[in-house]
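The lines below spell out each chain.
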Amino acid sequence: PLTLENHKKFGILFWKSKPLSAQITMNKQAFVSGEKILLSGLIKNESDTKVTHCDLKLIKLVQYQARGKTRSDKTTIYKCSQPGIEKESEATWHNVPVFVPSVPPSGLDGCSIIHTKYFLEVRIVPPGMHFALELMFNIIIGTIPFRQQYAPPPGPVVGPSAVGYAPPPGEFMPPMGPPAGPSVGAGPVPSAPYGDPSAPPSAPALPPYGDIHPTFGVYCGDSNEPPSYDSLFKGADDNEEHDDVSRSYQPKYPSFNIPQK
């Protein structure tokens, strides 16, 4: 989890109010399209100014670099709101969801002139001319869900190396320690593994898609279903500046249906 804190006071000089403070925790920092970001925390409004509402925005920032110049394109791809907070009161958030639509992943491997970044902005908005209290989370959008449930580590191995160990009747018992090496002038060393050929393999078989154990170096979701491919989400505040040709181009990106627990 990632936690951010911020606070502010209303007024100027000697007429400042008591603080408006927020402590918000995000459940993790990396997500995939189709997943929900979960926010929890406490917002304390000790001032005499009512908070009208709270905005949650998922923002995509694309930076283009060429010939020493940089151009930035900022788009709000998802937006939702939470109720306001009365003066001298507080509000508690518990797993407030922010949906991640179908968007390209963070970064762009193999390209040094285009950079894609994502942010989650929390704005606690007071009325009138007061500035909002803001918190900005830096998040990563990937293409493979992260498994949060891990299998427990294996227990201690009890095998023939233990002193006084005797196998059950009918069970194969390999010799104690490795075989002695060949003497000078002996024949070639056999390439077959030492031991009983009928013994079971020492490594477990790979599980099916969606259940690969993290020790194999692959992280994946809790579902066996492969991802779907949804059209690019244009944005919550998309404008009509592009021509008809660019609007007709809709690339597709992997999206997952991950149940919340």
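Now for a description of the structure that goes with this document. Quantities reported herein were computed from a predicted structural model and do not represent experimental measurements.

## Looking at the overall build of the chain
Tallying secondary structure elements over the chain gives 1 helix and 11 strands in all. Along the chain direction, N to C, the helices and strands of the chain fall in the order β-β-β-β-β-β-β-β-β-β-α-β. Relative to its full complement of 261 residues, the chain shows a buried share of 29%. Considering only intrachain contacts with a sequence separation of at least 6, the fraction spanning at least 24 residues in the chain is 63%. Accessible area for the chain stands at about 17,600 Å²; split by element, carbon and sulfur atoms hold 58% of it.

## Quick look at the pairing of strand S4 (residues 36-45)
Of all the 10 residues making up S4, 7 are buried; the element is thus mostly covered by neighbouring parts of the structure. Bridge count for strand S2 (residues 20-26) against S4 is 7 bridges, and the pairing is antiparallel. Bridging across to S4, Ile-24 finds its partner in Gly-41. Bridge count between S4 and strand S7 (residues 89-99): 9 bridges; the pairing is antiparallel. Bridge pairing in S7 links Leu-38 to Pro-97.

## Digging into the sheet that holds S2
In spatial order, the strands read S1-S2-S4-S7; together these 4 strands make up an open sheet with antiparallel pairing. Both outer strands of the open sheet, strand S1 (2-8) and S7, are each paired with one neighbouring strand and no more. Each neighbouring strand pair of the sheet contributes to a mean axis angle of 15 degrees, computed without reference to strand direction.

## Here we look at a nonpolar patch on the surface
The grouping of Ile-12, Leu-13, Phe-14 and Trp-15 at the surface amounts to a nonpolar patch, some 610 Å² of accessible area in total. Relative to the helices and strands, Leu-13 resides in the loop between S1 and S2. Accessibility expressed as a relative area gives 65% for Leu-13, which makes it exposed.

## Side note on the pattern of salt bridges
Close approach of charged atoms allows side chains with opposite charge to pair. Within the structure shown, the criterion is met by 4 salt bridges. The salt bridge involving Glu-35 is made with Lys-28; its shortest N-O contact spans 2.6 Å. Of the two residues, Glu-35 and Lys-28, neither departs from the other in class, the shared state being buried. Of the charged contacts, one joins Arg-123 and Asp-55 as a salt bridge, the two residues approaching to 3.9 Å between their closest N and O atoms. Highlighted residues: Arg-123 in strand S8 (residues 114-125) and Asp-55 in strand S5 (residues 51-66), separated in sequence by 68 residues. Here the residues in one salt-bridge network are Asp-55, Arg-123 and Glu-134, joined through shared partners.

## Some thoughts on the pairing of S5
The pairing of S5 with strand S6 (residues 69-85) spans 15 bridges and is antiparallel. Note on S6: the bridge partner recorded for Leu-58 is Tyr-78. The antiparallel pairing of S5 with S6 creates a hairpin that spans 2 residues between the two strands, and Arg-67 there sits at a positive phi of about 55 degrees.

## Observations regarding the nonpolar core
Grouped together as the largest cluster of nonpolar side chains are 30 residues, with contacts concentrated most on Ile-37, Leu-39, Ile-43, Trp-93 and Ile-139. At the level of secondary structure, the elements contributing two or more residues to this core comprise S2, S4, S5, S6, S7, S8 and strand S9 (133-142). For this core, the element with the most residues is S9, which contributes 5 residues.

## Some words on the side chain of Thr-49
Position of Thr-49 among the secondary structure elements: in the loop between S4 and S5. With near-sequence residues (within four places) excluded, Thr-49 lies in contact with Phe-10, Lys-87, Pro-126, Pro-127 and His-130.

## Considerations on the environment of Ser-33
Along the chain, the position of Ser-33 falls in the loop between strand S3 (30-32) and S4. Put simply, Ser-33 and Pro-105 are 72 residues apart on the chain and 8.5 Å apart in space, counted from C-alpha to C-alpha. One polar contact links the side chain of Ser-33 to the main-chain carbonyl oxygen of Pro-101, over a distance of 3.1 Å. Within the structure, the side chain of Ser-33 is placed 3.3 Å from the backbone nitrogen of Val-103, a separation counted as a polar contact.

Reading the values: the criteria
- Along each chain, residue indices are assigned from 1 in the same order as the chain's sequence is written.
- Restriction of local features to residues with pLDDT of at least 70 applies here, the model being predicted, together with a cutoff of 80 or more for giving and counting side-chain atom pairs; totals for whole chains, interfaces and linings are based on all residues.
- Side-chain metrics rest on all non-hydrogen atoms present in the structure, leaving aside hydrogens and water.
- Here a helix means four or more residues in a row that DSSP labels H or I, a strand means two or more in a row labelled E, and each is numbered from the N terminus.
- Exposed residues in this analysis have more than 50% of their type's maximum accessible area, buried residues have under 20%, and partly exposed residues fall in between, with area computed by a 1.4 Å probe over protein chains only.
- Contacts are assigned to residue pairs that have any heavy atoms within 4.5 Å of one another.
- Surface accessibility in these figures is a Shrake-Rupley result with a 1.4 Å probe; residues are shielded only by whichever protein chains are displayed.
- At least two bridges found by DSSP between two strands are what make those strands a pair.
- Under this scheme, a helix contributes an axis fitted over its contacting stretch, all axes are lines through C-alpha atoms, and angles between N-to-C directions fall in the 0 to 180 degree range.
- Like charges are joined within 9 Å and nonpolar side chains (Val, Leu, Ile, Met, Phe, Trp, Tyr) within 5 Å, but only among residues with over 30% relative accessible area and no salt bridge; these make up the patches.
- Salt-bridge detection follows one rule: a side-chain nitrogen of Lys or Arg within 4 Å of a carboxyl oxygen of Asp or Glu.
- To define a nonpolar core, start from buried Ala, Val, Leu, Ile, Met, Phe, Trp, Tyr and Cys residues and group those joined through side-chain atoms within 4.5 Å.
- Definition of a polar contact: a pair of N or O atoms within 3.5 Å, with one able to donate and the other able to accept a hydrogen when the atoms are protein atoms, and with sequence-neighbouring residues admitted only if both atoms are side-chain atoms.

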